[in-house]
Amino acid sequence: MSAAQLYTKYTRVWIPDPDEVWRSAEIIKDYKEGDKSLQLKLEDETLYEYPIDLPGSELPFLRNPDILVGQNDLTALSYLHEPAVLHNLKVRFLESNHIYTYCGIVLVAINPYEQLPIYEQDVIYAYSGQNMGDMDPHIFAVAEEAYKQMARDEKNQSIIVSGESGAGKTVSAKYAMRFFATVGGSASETNIETKVLASSPIMEAIGNAKTTRNDNSSRFGKYIQIGFDKRYHIIGANMRTYLLEKSRVVFQAEDERNYHIFYQLCASSSLPEFKDLGLTCAEDFFYTSQGGDTSIDGVDDADDFEKTRHAFTLLGVKESHQMTIFRIIAAILHLGNLKIQGERDGEVCSISSEDEHLSSFCSLLGVEHSQMQHWLCHRKLVTTAETYVKSMSLHQVVNARNALAKHIYAQLFNWIVQHVNKALHTTVKQHSFIGVLDIYGFETFEVNSFEQFCINYANEKLQQQFNSHVFKLEQEEYMKEGIPWTLIDFYDNQPCIDLIEAKLGILDLLDEECKVPKGTDQNWAQKLYDRHAASQHFQKPRMSNTSFIVLHFADKVEYQSEGFLEKNRDTVYEEQINILKASQYQMVADLFQEEKDAVPATAVAKRTPRINVRSAKPAFKAANKEHRKTVGHQFRNSLQLLMETLNATTPHYVRCIKPNDEKLPFKFDPKRAVQQLRACGVLETIRISAAGFPSRWSYPDFFNRYRVLMNKRDLSKNDKKQICQTLLEDLIKDPDKFQFGRTKIFFRAGQVAYLEKLRADKFRAATIMIQKTVRGWLQRARYQRLRRATLALQRYARGHLARRLFQHLRRTRAAIILQKQYRMLRMRRAFLRVCSATLTIQAFARGMFVRRIYHQMLMEHKATILQKYARGWLARVRFRRAQAAAVVLQCHWRRLRARRQLQALRIEARSAQHLKKLNIGMENKVVQLQRKVDEQNKENKLLSEQLSMLTSAHSSEVEKLKKELQQYQQTQQGDGKQLLSLQEETERLRMELERAHGEREVLEDSHGKERDLLRKRICDLEEENALLKQEKEELNSRILCQSEDEFARNTVEENMQMKKELEEERSRYQNLVKEYASLEQRYDNLRDEMTIFKQTPGHRRNPSNQSSLESDSNNPSICTSEIGDTEDVIQQVEEIGMEKAAMDMTLFLKLQKRVRELELERKKLQAQLEKKEQESKKSQVNEIKTEVTSEHEDFAYNSLKRQELESENKKLKNELNELRKAIADHATQNNSNDVQDGYNLLLNQLKSANEELEVRKEEVLILRSQIMKAAQQKETGKNMVKERESISPNASWPNSDRHVDQEDAIEAYQGMCETNRLLEAQLQDQRREHEEEMEALKNQVDLMQEELEKQQQAFLQTLQLSPEVQVEFGLQQEITRLTNENLDLKELLEKLEKNEKKLKKQLKIYMKKVQDFEASQTMVPVERRPHERNMQVAVQRKEKDFQGMLEYYKEDEPLLIRNLITDLKPQAVSATVPCLPAYILYMCIRHADYINDDQKVHSLLTSTINGVKKVLKKHQDDFEMTSFWLANTCRLLHCLKQYSGEEGFMTQNTAKQNEHCLKNFDLTEYRQVLGHLSIQIYQQLINIAEGILQPMIVSAVLENESIQGLSIVKPVGYRKYSSNAGDSSYSLDEMIRQLNTFHSIMCDQGLDPEIIQQVFKQLFYMINAIALNNLLLRKDVCSWSTGMQLRFNISQLEEWLHGKNLQQSGAAQTLEPLIQAAQLLQLKKKTSEDAEAICSLCTSLTTQQIVKILNLYTPVNEFEERVTVAFIRNIQKQLQERNDPPQLLLDFKHMFPVLFPFNPSAITMDSIHLPASLNLDFLNKV
């Protein structure tokens, strides 16, 4: 196109401006060829004539259309030139507050000088995994692109961050490293990413300083390599440094500071560990006070110093090394304060030996004071003949001191960098790395010296690399698309580089001049003039002979040659270095060792397969000047190494721009910005892009955008590529203006703007046509509507007039009639009103007089009643007080009498008379007992003889019994007599037993009477207390009724607050469970790695023999009867270990409760011990006498008792079983009723005799012990007893005629005496117990009385208080009382439950034993009992009735877990009952409970939980498997609740289901463990579902074009710079199909509906969060069409929820922020009313989100206006009152707390069928 076509009327252009650099103007007259000027109108409506005929003047730059302004990528602009770039950056920075903008492959970052909320963790996750062009520009996008290319291409990457001081380079590099530390966190426990970030405070402290441009300026360059392993986790890092500004150590300009570490150390000098450093404030030292102000606003040096020390510690620097570092830094400060005294006009100098700073310097560095004093003022000259020592001038001494300070600091800096690299070094093999280069940008000052020269030299090299890389990328793009490649001319700065580094270049001449003995800066400058005067990049200033000018790529810079030689030599005298080498501190001496002795930095660096990475820091300087490299040479070598590294990697560029020099937030200075854009190469990138084809469109995007320019014939074609080619050939005649690639169309600069103009013209013409047609139709419709309205109005008006005339005539006649009637009625009403008023007045007057009389009588009557009640109340009060006083007096008197009676009784009890009374009845008892002993001896002899004979000859005894039974049948009457004699004997024994217990009953009766009296007294007190409580409650109820409404309201608020706190607590709890699960997973991974790495032989624990229940599932205690015992708990703690036991809260609570119980028992025992001690003092004499004799007898008695009991039990059981079997056999042969009755009678008598024998056993054993003693002394008596036993085996056992000799009688008498003593002891024990009970009851009475007094006092005090205080005090008292009662009742309930469980268990055991015993007695071998086979068959049939229990052997448990859990597939049980494995497991648990096997229950549940965890770990990405085990785990949890026996869970059970409840065990703690496992499975299920849905969300919700015709157009010229091609896109239908799959899987597997609802609520929240976050970070989707499309897609999701009956799940509510964002995109955004509507509508969006969407809002075409800044400010003003959170993005990883509501099953256990496919044949139905 010609210039006349472009420069037409209304076209806007850019013209130069001295203040704003570029200014916008509008052409008001078409330009024609040959015109000498352009007629323009500026933005302020002033006219301006722009000349174009002057030399060098050309047509002004064209301005881009408004639709292109604010693009994310500068290369997407149609017109690519400097004003367009500057304006785009300015609009984005000031209006949208966007600090990042792409410029091709470069990220332009403008320092906002304000903390922005765009660097949080959620922003990192939002950019992670995204392509570079998909999201808004960000440093995280560049870091993600580098990380992605490293992982995909397996090539090392570099991020080059450059810019001026204060532009934000260090911060940008820090954020990039934070991104890598978050995304590529180390997989091990080394936390290397934390160490990488921790190196920043150290390097900032020792390498950053305040300058006039930046408060935290990096005064060195650094390149940090972050190493990654094959899984792309961070494994280590390495740092290189470049050109530390050493001169800052000794000199600072005005308003600048030295390095931060000096001021930090001075600010912390008051710490005790730094007292020896001799430091004060920074103003006292020369090296820190030259710049003036030593502080920085908003910076706390002491706090930063603590961070620096913490970073040193984190990186492993020893405390001793840290102190040495601080000593060296302090020594440098003292060195700067040395007082140098000049003599002989400054030719000779000296330092006083008493200089305190010199002493501090020498002591801190550990060097000799005298030598350092001498060599600071002298130097050594070495010649071939001899060596001279020469004094130095004052100037030389100062320079030498400063050089020494710089050298010391430089060596310390290198040492710290070296140790940082050692801390970041790793032994793991590095697979790849990403380098972050934070290096100084191009600098130019008023005075430029050696440092600026080196910095600009480095930038020249980097710019050359940048240009070649950009050119290479452009070339690759063209070749990939198949476009003919034409050479693009771009600026090559190789000549400037050659000027600096080539042979005989500036650096070479500088090094040569440094070698000359008396070389000067002037001589070197003259050599430069002579050598490079003809160079186009070198100039000589006109007014100076010591300066030179270099024309760099960014600008020309004038350098002052003064100081170049000194800085390049960096001279330090050898004598001073030798003194430092001899330091007594090893670290100080190591700093100054020779280069060959120093540890090379390459030991720290990691060699990669591609390049050799060496340390770029300057090597340690040798003392010998002739063999030492210059600073320039070292810098050139390190720069060369850096360029090799960068060329071997894929670079990514970040250019930091400083918007203003005042450091004001969001202020844009165009002059400074353009200067930096030119210096950093951004404009060069634009120029290269503009030289080729900068605008690029894909064929589908171009077709969708410009289809309006096509005709119908072209649109009918199917080939979009051919359609686009045809259109462009018709519209743009010059074929060089565009090129067709394989997938894109390439345009020259300005062509897209031309196409936009054509498109706008086409739309404008169509709009005019539509407006013309619509306006005509509207006017015709308006005319027809007016005509119809006029006719209707005429018709209605005429009718109205006629009706109005007729109505007037009617009203006139009716008015006359009404007047007549009204006048008559008014007069009558007046008369009646007067009459009624008269009667009313009379009635009221009479009533008033009567009421007065009545009220007077009523008042008198009520006064009489009040007097009556008042007098009665006063009389009752006096009576109650007298009564209470009488009761108190009675109580005290009765207590006094009782104490006196008790004292008298005690005295009487000690008297001998009392003992005689007690012994009167004992003699009779002795005689009776002696008689009983004789009888019992006889019976025992006979019984023992019978039992011994029965045991010795079983077969003969059976025959004998058979004969006796036959004789019994023949002589029935004789046997009857024998039975009668047995009954009489039994009756006689019972009578004696009753008589023996008579005295005890008397004592019990007396004790019971006294106890009843005390109880009655207590009841009376309780009744009085109840009356007082009732009165108190009545008073409280009256007061509470008044504030009932307020209390109810407070209760509702408290309930809401409690619910909120409960949700938060549940969320925190489930987050802890989630963290525990992740830690457990991490532990398992580490354990697996350890098993792989271990190579030592021996037994190792693997997951099969090691429990994976390392947390709540580890050995949870089953609540059986023994679990409450302290010994079991202690044993459990010892077995599990203190750490694991501490994690069990239930165990801790039990131990705590047990400790409280033991404490109470200890107190009781202590009280009893005190009582015993008092009693023992009284009975000490008697105990001493009986102690010796009773000890041996007790031992003999106990041993004999045990043996006797064991033998008798065995014998009696055998005898009883023999008799039963024999009689039963005989009874089966003879079925007569008489025989059966006799048998039953005999059996009953035997049982009664057996019981009586048990009662008498104790007394018999006492006598037997005495008899055994006599038998041991006399063998003769023992033989006689044996003979008599052998002689009379057939004697009848009820009676015996054996004679007792005299000695036996004496022994028996002694036994009776012993028995008497025992009975006396028992009687004393009973009396003592009675006294203790009496005393305890008296204590209770005293306590009750004290409590009553306290309550009375409290009641009296309460009556004196105000009503409000009475209520509060009463409530506090009542709450305290109820709390104490609840605690006591709770402890009592726990004890009762514990005893109940023990008794239940014992009862079960005894019942089982009885059943087994009876079954063993009734079961007879089949061959002997053929007629009982039918009974056995019946029993088996009854046991086959399935009771809902499954039995298995202990050894089959692994097989059960494997078949039912580990190897089970969900498809195997899909056709059965849902959650079948859970039911099977519960039936197995129930059987273990039925047989009371707690070990089996514990083993089964532990194996189940371990098996489920193993399956989930194996299938951690399988949604179906995870859902299957979530359903089964929840069902097992519900079963344990439903069948626990707790009433709260049994409300919906049937009678049959109640029979299936657990009987013995309380599995509450296992329910808690299963709850934890359910939470873990639920979280894994959500993670799997989110992993599947997450790639679909953006494309399906934001980018999917569900509504045809609403194409979401990407920005004009949109380009992706990510090389991740072939991104898959998903439609909304695909995402809905995936949701259907999730829903069907969970429903088919029987997952609870409440859990399904919670799953979809969580998933829909994630959909909302990801879609909204993406919307907030993408400008291309913030448009009206996107809002319409988004609202339609959300409605589809809401319709799906409605179709699945998930409305109540809360999933639709989670989409509310996204819905409001879509509505915000569709609303008008112009007036203040629109702002109010937005604020009232967008309640779920935060202020930052609303403002961000408005800033990102992009019009689709030029007819739509942008959102103005004033409108956004209005929105912010109206939303100021909101207390929104500061974060911009939603936390898409937030997880709602899950609830597992109790859901009982209607299935009974006996109705469940086990399919054969499960291979559970080893399970037996019970």
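My aim in this report is to walk through the structure given alongside it, one point at a time. (Residues numbered from 1 in each chain as written. Predicted model: local features only at pLDDT ≥ 70, side-chain atom pairs only at ≥ 80, totals over all residues. Heavy atoms only, no water.)

**Here's the deal with a nonpolar patch on the surface**
Logical step 1: A contiguous nonpolar surface patch, about 410 Å² in accessible area, is contributed by Ile770, Val774, Trp777 and Leu778.
Logical step 2: Given a relative accessible area of 54%, tryptophan 777 falls into the exposed group. (Patch = residues over 30% accessible without salt bridge, like charges linked within 9 Å, V, L, I, M, F, W, Y side chains within 5 Å. Areas by Shrake-Rupley, 256 points an atom, 1.4 Å probe, with all protein chains shown as cover. Salt bridge = Lys/Arg side-chain N within 4 Å of Asp/Glu carboxyl O. Buried < 20%, exposed > 50% of the residue type's maximum accessible area, 1.4 Å probe, protein only.)

**Description of the packing of aromatic side chains**
The geometry of an aromatic ring pair is captured by the separation of the ring centres together with the interplanar angle, meaning the angle of the planes.
Logical step 1: One pass over the structure, following the stated rule, counts 41 aromatic pairs.
Logical step 2: Seen in terms of ring centroids, tyrosine 1482 and tyrosine 1539 are 5.0 Å apart; in terms of plane orientation they differ by 25°. Their pairing is stacked. Residue tyrosine 1482 is found in helix α43 (residues 1476-1490), and its partner tyrosine 1539 is found in the loop between α45 (1519-1538) and α46 (1551-1555); the two are separated by 57 residues along the sequence.
Logical step 3: Residue class for tyrosine 1482 comes out buried when judged on its relative accessible area of 0%.
Logical step 4: Look at tyrosine 1539 and you get buried, because its relative accessible area is 0%.
Logical step 5: What links up through ring pairs into an aromatic cluster is the set Phe450, Phe453, Trp524, Tyr529, Phe538, Phe548, Tyr559 and Phe564.
Logical step 6: Taking NZ or CZ as reference, arginine 257 lies 4.0 Å from the ring centre of tyrosine 263, over its face.
Logical step 7: The ring of phenylalanine 1792 carries the charged tip of lysine 1657 above its face, separated from the ring centre by 4.6 Å. (Phe/Tyr/Trp six-rings, centres within 6.5 Å; stacked < 30°, edge-to-face > 60°. Helix = DSSP H or I, 4+ residues; strand = E, 2+ residues; numbered from the N terminus. Lys NZ or Arg CZ within 6 Å of the ring centre and 35° of its normal.)

**Focus on the sheet that holds strand β24 (residues 744-747)**
Logical step 1: Spatial strand order, β22-β24-β23: three strands in an open sheet with antiparallel pairing. Only two strands of the sheet have a single partner each, and these edge strands are β22 (695-698) and β23 (738-740). Taken over all neighbouring pairs, the strand axes of this sheet differ in orientation by 20° on average, direction set aside.
Logical step 2: In this sheet, β24 lies alongside β22 in antiparallel orientation, the contact comprising four bridges. The residue bridging tryptophan 697 from the neighbouring strand is isoleucine 745, located in β24.
Logical step 3: Packing of helix α14 (residues 450-481) onto the sheet brings it into contact with β22 and β24, and relative to β24 it is tilted by some 130°.
Logical step 4: Helix α24 (residues 699-706) contacts β22, β23 and β24 of the sheet and is inclined by roughly 90° relative to β22. (Pairing = 2+ DSSP bridges. Axes fitted to C-alpha atoms, helices over the stretch in contact; angles between N-to-C directions. Contact = heavy atoms within 4.5 Å.)

**Some details on the environment of valine 397**
Logical step 1: Looking at the secondary structure, you find valine 397 in helix α13 (residues 394-424).
Logical step 2: Residue classification places valine 397 among the buried residues on the basis of a relative accessible area of 1%.
Logical step 3: Distance from valine 397 to cysteine 377, taken between C-alpha atoms, is 5.8 Å for residues 20 residues apart in sequence.
Logical step 4: When residues no more than four places from it in sequence are discounted, the contact partners of valine 397 are Ile340, Cys349, Leu376, Cys377 and Met392.

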